[in-house]
Amino acid sequence: MLKVLDSAVPVACWSCAVAHNDATLFCPHCSKIQPPPGGDYFSVFGLVPHLDLDLSELEHEFHRLSRKLHPDRFARAADNEKQWSLADTALLNDAYRTLREPIHRTEYLLKLHGAAIGEEHSGKDRKDPSRVPADLLEEVFELNMQLEEMRAARKMGETDAELQASLEQAKRKFDGLMDEVDHDLRAQWKAWDEGDAGARAAAQKAMVALLDRRRYLNNLVRDVTETLGA
Ligand SMILES: [Zn+2]
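Reading the values: the criteria
Residues numbered from 1 in each chain as written. Predicted model: local features only at pLDDT ≥ 70, side-chain atom pairs only at ≥ 80, totals over all residues. Helix = DSSP H or I, 4+ residues; strand = E, 2+ residues; numbered from the N terminus. Rg over C-alpha atoms; globule rule 2.2 N^0.38 Å. Buried ≥ 20, exposed ≤ 12 C-beta atoms within 10 Å, placed from the backbone. Contact = placed C-beta atoms within 7 Å. pLDDT = per-residue confidence, 0-100. Axes fitted to C-alpha atoms, helices over the stretch in contact; angles between N-to-C directions. Parallel < 35°, antiparallel > 145°, perpendicular 65-115°, else oblique. Left-handed = near helix turned anticlockwise from the far one by under 90°. Nonpolar A, V, L, I, M, F, W, Y, C, P; charged D, E, K, R; others polar. Domains from an automatic or database assignment. Core = buried A, V, L, I, M, F, W, Y, C linked by C-beta atoms within 7 Å.

## Quick word on the overall build of the protein
And then number 1: When its secondary structure is counted, the protein shows eight helices and two strands.
And then number 2: Taken from the N to the C terminus, the helices and strands of the protein come in the order β-β-α-α-α-α-α-α-α-α.
And then number 3: Taking 2.2 N^0.38 as the reference for a compact globule, 230 residues should give roughly 17 Å; the C-alpha atoms of the protein span a radius of gyration of 23 Å, well beyond that estimate.
And then number 4: Across its three principal directions, the C-alpha atoms of the protein cover 75 × 45 × 30 Å.
And then number 5: Counting the 230 residues in the protein, one finds 18% classified as buried.
And then number 6: Within the protein, counting contacts between residues at least 6 apart in sequence, those at least 24 apart form 54% of the total.

## Here's the deal with helix α4 (residues 102–112)
And then number 1: Listed as buried for α4 are R105, T106, Y108, L109 and L110.
And then number 2: Packing partners of the buried residues in α4 comprise α1 (41–44), α3 (79–100), α7 (161–194) and α8 (197–229).
And then number 3: Just downstream of α4, G114 is the residue with a positive phi angle, here 85°.

## Here's the deal with the confidence of the model for the protein
And then number 1: Within the protein, residue pLDDT values average 90, and 90% of them lie at 70 or more.
And then number 2: The element-level mean pLDDT for the protein is lowest in helix α5 (residues 119–122), coming to 59, with helix α2 (residues 55–69) highest at 97.

## So, the packing of helix α6 (residues 137–155) against α8
And then number 1: Axis separation between α6 and α8 bottoms out at 10 Å; the angle between their running directions is 20°. In terms of axis orientation, α6 runs roughly parallel to α8. Judged by the twist between their axes, the crossing of α6 over α8 is left-handed. Here α6 contributes V140, L143, L147, M150 and R151 to the contact with α8, which in turn contributes L220, D223, V224 and T227.
And then number 2: Residues of the contact of α6 with α8, tallied by class, amount to six nonpolar, one polar and two charged.

## Some details on the domain arrangement of the protein
And then number 1: If you check the domain split of the protein, you get domain 1 (10–100) and domain 2 (124–229).
And then number 2: Domain 1 and domain 2 are separated by 38 Å when their C-alpha centres are compared.

## Comments concerning the environment of R105
And then number 1: Note on placement: R105 falls in helix α4.
And then number 2: For the pair formed by R105 and D52, sequence separation is 53 residues and the distance between their alpha carbons is 9.8 Å.
And then number 3: Among residues more than four places away in sequence, those in contact with R105 are L51, L53, T98 and L99.

## Focus on unusual backbone geometry
And then number 1: Here the phi dihedral of A17 falls at roughly 70°; this positive angle occurs in a residue that is not glycine.
And then number 2: With respect to the element layout, A17 can be found in the loop between β1 (10–12) and β2 (19–21).
And then number 3: Residue classification places A17 among the exposed residues on the basis of 10 C-beta atoms within 10 Å.

## Re the nonpolar core
And then number 1: Y41, V44, L92, A95, L99, L217 and L220 are the most contacted members of the largest nonpolar core, which has 34 residues in total.
And then number 2: Every element with two or more residues in this core is listed here: α1, α2, α3, α4, α6, α7 and α8.
And then number 3: When residues of this core are assigned to domains, at least three map to each of domain 1 (10–100) and domain 2 (124–229).
And then number 4: Here L217 is in contact with F174, L177, M178 and V181, once residues within four sequence places are set aside.

## Examining the environment of E149
And then number 1: Among the structural elements, E149 can be located in helix α6.
And then number 2: A tally of 15 C-beta atoms within 10 Å means that E149 is categorised as partly exposed.
And then number 3: Along the chain, E149 and L163 lie 14 residues apart, while their C-alpha atoms are 8.3 Å from each other.

## What to know about the packing of α6 against α7
And then number 1: Where α6 contacts α7, the axes come no closer than 10 Å and their chain directions differ by 140°. The orientation of α6 with respect to α7, classified from their angle, is oblique. α7 is crossed by α6, and the crossing has left-handed handedness. Every residue of α7 that contacts α6 at L143, Q146, E149, M150 and A153 is listed here: L163, S166, L167 and A170.
And then number 2: Tallied by class, residues from the contact of α6 with α7 come to six nonpolar, two polar and one charged.

Right, here's the structure in full:
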């Protein structure tokens, strides 16, 4: 189920002057295009921020709005309406790209709610051992040694089938751990969407930690893939 936005700041339509909520791309009264609204990406689709989105409904709404915003429809419109059709299209595309992708959507929603997300907020170097998830310390230590060995072997033009197999196995394991994180994230979506303020705060904290872990695992997988493919 899509959660539909029912309350937003009312503004007057530039064309008919009837008030509507400021999230909409078109006036519900006279259907005229509106300047890019100032709300969040969810409100572009008339939604309240939530995580367990119906992607087929989102896609359907994206295509419907894209058609309505198409420049051909504004060929004979006033200059400001032409410009708004381009600006609204850019906003719609950005909103759709962010919301349809589960990790981007989760990060976006958490940032909307003031969470500090991403590499730039961790304040520590990726190689810093204190950033390694505690349950992975030993494996990451081992993996880094194997990666160095592999790079050294490559430099010498040597191949090491055993090392290669070991790294491929490690990659499969980290891929599996990322799948687990994604599964856990989905469980937190529900807690966030359906919970009260306390449950939301707890889900938010859990999701920030899961996204950190996911980013860490993703970097490991990338390192291994790069080294194997070098
Ligand atoms: Zn209007």
